[in-house]
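Residue-level structure breakdown
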Amino acid sequence: MTQTYRITLLPGDGIGPEITRVAVAVMEAVGQALDLAFEFTEAPIGGCAIDLTGEPLPAATLDQCRQSDAVLLAAIGGYKWDELPSHQRPERGLLGLRAGLGLFANLRPAKILPQLIDASTLKREVVEGVDIMVVRELTGGIYFGEPKGIFETETGEKRGVSTMVYGEGEIDRIARVAFETAKRRKGQLCSVDKANVLDVSQLWRSRVSAIAADYPEVTLSHLYVDNAAMQLVRAPKQFDTIVTGNLFGDILSDAAAMLTGSIGMLPSASLGVPGTPGVFEPVHGSAPDIAGQDKANPLAHVLSAAMMLRYALDQPVAADRIEAAVNTVLDRGYRTGDIMAEGMTLVGCQAMGDALLEAIAAAN
Ligand code: IPM
Ligand code: MG
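Residues numbered from 1 in each chain as written. Chains lettered and ligands numbered in written order. Predicted model: local features only at pLDDT ≥ 70, side-chain atom pairs only at ≥ 80, totals over all residues. Heavy atoms only, no water.

Quick word on the packing of aromatic side chains
Note the following rule: Here is the rule: rings of Phe, Tyr and Trp (six-membered ring for Trp) pair when centre to centre is within 6.5 Å. Planes less than 30 degrees apart are stacked, more than 60 are edge-to-face, and the remainder are tilted. The numbering of helices and of strands both runs from the N terminus, where a helix is a DSSP run of H or I of at least 4 residues and a strand a run of E of at least 2.
For the structure on display, the rule yields 4 aromatic pairs. Taking 6.2 Å as the distance between ring centres and 25° as the angle between the ring planes, the aromatic pair formed by Tyr5 and Phe38 counts as stacked. One end of the pair, Tyr5, is in strand 1 (residues 3-12); the other, Phe38, is in strand 2 (residues 36-42), and 33 residues separate them in sequence. Ring plane angle 5° and centroid distance 4.9 Å describe the contact between Phe179 and Tyr215, whose orientation is recorded as stacked.

Shown next, in the form of structure tokens:
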């Protein structure tokens with residue numbers, strides 16, 4: 001019998017709709033080959049949702065996500081909404097989705113593909129073989145801590161306040177996800193904090209160290225975030241799995257992404273407790289400067305669909321097929337502008353999608 005999955009599509013803003021078209025076509029092609037069916041439902045989030053409903057995350061969108069097996073989110077935001085106050089910005093939609101679904105664990109792989117080594121701004125010998133997984137805490141820390149806001153003091157001076165706070169339970173659960181992840185990789189986990197300055201980090205470090213007792217097969221190390229940032233660009237191959245809080249993870253995952261040459265190549269998964277639908281999305285943003293021009297690189301989004309098949313839908317064969325197709329099109333020399341190199345064939349978003357479909361058909 002055909003297995004059917006309910007997928008909520010959140011194309012969002014900027015290049016989101018065009019890369020979503022490619023990801024959907026790729027999933028359908030693989031589904032057809034493997035007797036899997038997808039019931040796709042689109043919902044608005046971010047800037048387009050603000051335009052439609054006045055809110056970046058309409059309640060109907062969150063409900064729709066809750067009722068699906070998994071969510072494929074493209075990108076949100078753009079110049080048009082940049083001047084809005086913080087609680088009405090498109091980014092709020094994303095944060096609301098993470099909080100609303102309880103997606104506390106964000107997995108961001110940064111693996112360099114051999115075909116793209118020369119697209120990295122770092123030397124070949126530094127990045128060749130890089131394979132890092134950043135496990136970022138996603139629903140706590142300074143992004144959500146209270147008190148927060150801009151307050152006026154008695155003298156009339158304004159003070160901006162954000163609070164970095166982590167409870168033991170929040171640290172323990174992300175630590176466990178990270179140890180489990182490291183266990184299935186090379187067994188090395190590096191926890192990143194700022195325990196030399198921040199109390200919240202001291203608790204973080206002591207809890208992560210305590211949880212380590214349950215995972216004797218994983219080697220745990222600790223780094224301060226400033227040193228971690230430096231080590232990531234100095235000698236990235238020393239890292240296997242990194243676990244860190246929301247803000248440090250936001251920053252370090254962008255740095256890790258760039259080791260691979262283009263942020264346009266990287267997928268991510270945001271997961272909650274078992275039973276909640278996960279959200280799968282590319283690490284890159286909505287790229288409003290190239291939106292609607294058929295220039296976007298759809299590969300990170302296509303790889304996000306593969307991650308969704310692997311982690312949420314337990315369809316590793318389908319995921320393998322998609323990843324193999326990405327490999328094939330890169331081997332054939334197809335490149336979007338962001339990863340273009342001498343001697344390669346420059347293609348647009350749609351043509352990259354067509355090349356993927358061809359690769360999938362040929363592999364059947
Ligand atoms: C990310 C993004 C978001 C974040 C923004 C858009 C809210 O930078 O997913 O890394 O800071 O988490
Ligand atoms: Mg970010």
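Brief notes about the pairing of strand 5 (residues 131-137)
For the record, the criterion: Residue exposure (1.4 Å probe, protein chains only): buried if accessible area is under 20% of the type maximum, exposed if over 50%, otherwise partly exposed. Paired strands, in this sense, are two strands between which DSSP finds at least two bridges.
Most of strand 5 sits out of view: 6 of its 7 residues are buried. Sheet topology places strand 4 (residues 105-111) next to strand 5; 7 bridges connect them, and they run antiparallel. Residue pairing across strands places Lys111 opposite Asp131, the latter belonging to strand 5. Pairing between strand 5 and strand 10 (residues 241-244): 4 bridges, direction parallel. Note that in strand 10 the partner of Val135 across the bridge is Val243.

Quick look at the site of ligand 1
Basically, it comes down to this: Here a residue counts as near a molecule or strand whenever at least one of its heavy atoms sits within 4 Å of it. Counting of polar contacts relies on pairs of N or O atoms within 3.5 Å, with two restrictions inside protein: one atom must be capable of donating a hydrogen and the other of accepting it, and residues adjacent in sequence are counted only when both atoms are side-chain atoms. Per-residue accessibility takes into account occlusion by the displayed protein chains alone, with areas from the Shrake-Rupley method and a 1.4 Å probe. Nonpolar residues are Ala, Val, Leu, Ile, Met, Phe, Trp, Tyr, Cys and Pro. Charged residues are Asp, Glu, Lys and Arg, and all others, Gly as well, are polar. All the domain ranges listed were derived from an automatic or database domain assignment.
Taken together, Glu91, Leu94, Arg98, Arg108, Arg136, Tyr143 and Asp250 make up the full set of residues near ligand 1. Between Arg108 and ligand 1, the recorded distance is 2.8 Å, taken from a side-chain N or O atom to an oxygen atom. A distance of 2.8 Å separates an oxygen atom of ligand 1 from a polar side-chain atom of Arg136. When isolated, ligand 1 has an accessible area of 320 Å², and the protein chains bury 74% of it. Of all the elements, helix 4 (residues 90-101) adds the most residues to the shell around ligand 1, at 3 residues. The class makeup of the residues in the shell around ligand 1 is 2 nonpolar, no polar and 5 charged. Counting residues domain by domain, the shell around ligand 1 receives three or more from each of domain 1 (1-103 + 272-364) and domain 2 (106-138 + 164-265).

Re helix 8 (residues 225-234)
Our working definition: Summarising the geometry, the arc corresponds to the directions from the helix axis toward the C-beta atoms. By definition in these notes, contact holds between two residues if any of their heavy atoms fall within 4.5 Å.
Looking only at helix 8, the buried set comprises Val225, Ala228, Gln231 and Leu232. Mapping the buried residues of helix 8 onto a view down its axis gives an arc of 115°, with all of them on the same face. Among the structural elements, strand 5, strand 8 (188-193), strand 9 (219-224), strand 10 and helix 9 (246-259) are those in contact with the buried residues of helix 8.

Thoughts on the side chain of Ser270
Of note, Ser270 is situated in strand 11 (residues 267-271). Residue Ser270 is classed as buried on the basis of its relative accessible area, which comes to 1%. At 3.3 Å, the side chain of Ser270 and the side chain of Asn106 are in polar contact.

With respect to the side chain of Thr336
As for its position among the elements, Thr336 is in the loop between strand 13 (334-335) and strand 14 (345-346). Polar side-chain contacts of Thr336 include one of 2.6 Å to the side chain of Asp338.

Examining the sheet that holds strand 1
Applicable threshold: Each axis is a line fitted through C-alpha atoms, and for a helix only the stretch in contact is used; angles between axes span 0 to 180 degrees, taken between their N-to-C directions.
An order of 2-1-3-12-11-4-5-10-8-9 is seen for the 10 strands of this open sheet, with the pairing classed as mixed. At either end of the open sheet lies a strand with only one pairing partner, and these are strand 2 and strand 9. Strand-to-strand twist in this sheet, taken as the mean axis angle between neighbours without regard to direction, amounts to 25°. Lying over the sheet, helix 8 contacts strand 5, strand 8, strand 9 and strand 10, oriented at roughly 105° with respect to strand 9.

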